[in-house]
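Chain by chain, the residues run as shown.
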Amino acid sequence: MPKSSSKKAEKAVEELTYEEALAELEEIVTALEGEQNRLEEAIKLFERGQALAARCGVLLEAAELKVRQVAGDEIIPFEELSE
Amino acid sequence: MQPTLFSTQQWTVSRLTFYIRKLLEENEILQDVWVQGEISNLSRPASGHIYFTLKDASAALKCVMWKTSAARLGIALQDGMEVEVHGKIGIYEVSGQYQLYADQIRPVGEGALYQEFMRLKAMLEAEGLFAPERKRPIPMFPQTIGIVTSATGAALRDMLNTLRRRLPLVQVILAPSPVQGTEAPPALVKAIQSLNRQSPDVILLARGGGSIEDLWAFNDERVVRAVAASSAPVICGVGHETDFTLCDFAADVRAPTPTAAAELATQLTLLDLRAGLQNYKTRILSATLKLLAEQKTSLAALVSQLRYVSPDRRIQSERQRVDELARRAHAALLHRIQLQATHVNGMERRLAALNPLAVLGRGYAVVTRKDDGSVVARLAQAGNEMKVRVSDGEFEVKKSTSR
């Protein structure tokens with residue numbers, strides 16, 4: 001396994017943003033497909049991968065466009081005009 | 001005909017002027033007219049209103065443009081400029097002067113605008129602002145999208161709807177700005193700059209459709225330079241398909257409409273992400289199953305190898321060897337016993353042949369003394385009582401006489 005992902009693995013799946021989760025999932029898929037993993041490691045990777053995929057799915061389903069606006073150098077919420 | 005001295009109709013100047021004014025104001029053509037001419041006597045007092053005279057070779061027309069319209073003016077007026085002025089004819093009753101109340105002014109025809117456009121385009125192009133090598137790619141999966149447009153326009157609504165539909169994961173930062181009129185260019189520049197301080201992945205610079213004058217802010221040199229200087233890549237979607245502005249040339253990507261700009265900013269949609277995720281799920285599963293299958297196969301191979309080198313096999317063969325030896329030992333023993341038996345048999349037969357008693361059957365007898373059992377072979381050995389053994393038994397005898 002590359003060192004980067006074993007370091008990332010310390011972060012709980014529930015805390016990851018979509019981009020982080022997806023990037024790690026991608027890494028795991030590549031690792032599982034490419035490298036010769038020890039079985040125990042492979043199973044760990046698989047479980048982590050499944051959790052990451054589930055996390056991504058949840059985030060995708062829950063996604064809502066966040067709109068804010070700049071005011072000077074501040075970022076403030078943007079109230080859309082309802083029509 | 002002589003005018004009558006005592007006319008029935010008496011007109012005051014005011015009434016006549018009012019009458020003329022009504023005539024002018026009731027005329028549809030005069031209330032919605034475009035007039036072409038050259039500007040002269042241009043004056044712009046502190047009130048903010050603009051006064052000038054529009055003239056051609058043989059006539060002149062007084063014009064006034066009120067402050068509110070003047071603020072929306074997209075061009076800088078100067079004496080000698082050929083312009084087209086839109087407005088309505090009215091009367092300034094104080095001086096009895098008819099004049100054009102102007103609400104729009106544009107350089108003559110599209111020719112003048114086009115020339116200005118071409119001049120600026122050539123200049124900026126020469127500076128390299130539009131060079132293809134300056135174009136940056138739009139990130140495949142932006143997380144923050146900046147939008148510069150009017151906060152109230154349909155363009156914003158279209159873009160937000162498109163983003164919401166395609167990729168609701170993104171965060172939008174809006175930098176609202178007027179998009180037409182004289183205040184638009186500096187405001188657009190400021191919006192682009194303050195957005196850049198938020199480091200969005202891409203900026204959408206957009207405005208809905210309108211006339212060439214409406215879109216003119218996007219041909220303003222300051223705005224074009226701000227687009228070129230933006231650190232985030234810019235997608236420009238101004239007007240309609242057929243409208244080209246200098247911002248389009250300076251932007252990294254030109255979109256035909258605001259909606260198209262939002263689409264170009266989200267090359268990956270929610271659907272793509274879902275499909276990609278499914279693909280990963282499938283791959284991770286099949287990779288793991290494959291790995292497990294490989295492990296199983298190599299385990300099976302090892303097990304059969306192990307079986308091959310197992311002591312079990314040796315034990316079995318040892319056991320067989322022991323059996324074999326036991327069998328051979330047994331056979332050898334039997335053989336020996338048989339040999340012995342045969343030998344004993346022979347001996348027996350030889351013994352039988354040598355049996356001294358064998359002659360008894362032929363009528364001989366063995367005589368032994370009764371007292372000590374010794375054989376009486378000679379007369380001198382005879383006792384008083386003796387036993388006589390014949391072939392099938394014995395009997396006792398007493399010596400009677402000696403001869």
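Residues numbered from 1 in each chain as written. Chains lettered and ligands numbered in written order. Predicted model: local features only at pLDDT ≥ 70, side-chain atom pairs only at ≥ 80, totals over all residues. Heavy atoms only, no water.

Considerations on the overall build of chain A
Working step 1: Across its full length, chain A holds three helices and two strands.
Working step 2: Counted from the first residue to the last, chain A has its helices and strands arranged as α-α-α-β-β.
Working step 3: In chain A, which comprises 83 residues, the share counted as buried stands at 35%. (Helix = DSSP H or I, 4+ residues; strand = E, 2+ residues; numbered from the N terminus. Buried < 20%, exposed > 50% of the residue type's maximum accessible area, 1.4 Å probe, protein only.)

Details of the environment of V94 of chain B
Working step 1: Looking at the secondary structure, you find V94 of chain B in the loop between β4 (82-92) and β5 (97-107).
Working step 2: On the basis of relative accessibility, which here comes to 71%, the residue V94 of chain B falls in the exposed class.

Description of the interface of chain A and chain B
Working step 1: Taken together, the contact between chain A and chain B spans 37 residues of the former and 37 residues of the latter.
Working step 2: Note on chain A versus chain B: buried area summed over both sides is about 3,500 Å², and carbon and sulfur give 65% of it.
Working step 3: By the criterion of area lost to chain B, the three top residues of chain A are L60, L65 and V70 of chain A, representing 19% of everything that side buries.
Working step 4: Where chain A meets chain B, there are two salt bridges.
Working step 5: The salt bridge partner of R274 of chain B is E61 of chain A, with a shortest N-O separation of 2.8 Å.
Working step 6: There are nine residue pairs in polar contact (both at pLDDT 80 or more) connecting chain A and chain B.
Working step 7: Looking at the side of chain A that touches chain B, the elements that each hand over two or more residues are α2 (18-34), α3 (39-62) and β1 (66-71) of chain A.
Working step 8: Ranked by residue count, the leading element in the side of chain A that touches chain B is α3 of chain A, at 12 residues. (Contact = heavy atoms within 4.5 Å. Buried area = accessible area lost by both parts, 1.4 Å probe. Salt bridge = Lys/Arg side-chain N within 4 Å of Asp/Glu carboxyl O. Polar contact = N/O pair within 3.5 Å; in protein donor to acceptor, adjacent residues only side chain to side chain.)

Quick notes on the pairing of β4 of chain B
Residue and element names in this part refer to chain B.
Working step 1: When you tally the buried positions in β4, you get eight out of 11 residues, the bulk of the element.
Working step 2: Summarising the sheet, strand β1 (residues 33-43) and β4 pair through six bridges and their orientation is antiparallel. By the bridge assignment for β4, V33 is matched with G87.
Working step 3: The pairing of β4 with β5 spans 10 bridges and is antiparallel. Bridging across to β5, V83 finds its partner in P107.
Working step 4: Hairpin connection, β4 to β5: the antiparallel pair is bridged by four residues, and G96 has positive phi, about 65°. (Pairing = 2+ DSSP bridges.)

Examining the environment of A358 of chain B
Residues and elements named next belong to chain B.
Working step 1: Its place among the elements puts A358 in the loop between α11 (311-354) and β11 (366-369).
Working step 2: Taking the relative accessible area as the measure of exposure, A358 reaches 44% and is therefore partly exposed.
Working step 3: Placed 33 residues apart in sequence, A358 and S391 show a C-alpha to C-alpha distance of 7.8 Å.

A short note on the sheet that holds β11 of chain B
Residue and element names in this part refer to chain B.
Working step 1: Strand order across the open sheet formed by three strands is β11-β12-β13, with antiparallel pairing between neighbours. Strand pairing shows two members of the sheet lacking a second neighbour, β11 and β13 (393-398), which therefore form its edges. Within this sheet the neighbouring strands show an average axis-to-axis angle of 30°, counted without direction.
Working step 2: Bridge analysis of strand β12 (residues 385-390) against β13 gives six bridges, and the strand direction is antiparallel. Note on β13: the bridge partner recorded for E385 is K398. (Axes fitted to C-alpha atoms, helices over the stretch in contact; angles between N-to-C directions.)

Section: unusual backbone geometry
All names here are of chain B.
Working step 1: Even without being glycine, N41 reaches a positive phi, approximately 50°.
Working step 2: Considering the arrangement of structural elements, one finds N41 in strand β1.
Working step 3: Looking at N41, the relative accessible area reads 57%, which means it is exposed.
Working step 4: With a phi angle near 45°, S199 is a residue other than glycine that sits in the positive phi range.
Working step 5: Relative to the elements of secondary structure, S199 occurs in the loop between α6 (184-196) and β8 (202-207).
Working step 6: Classification of S199 by relative accessible area gives exposed; the value is 55%.

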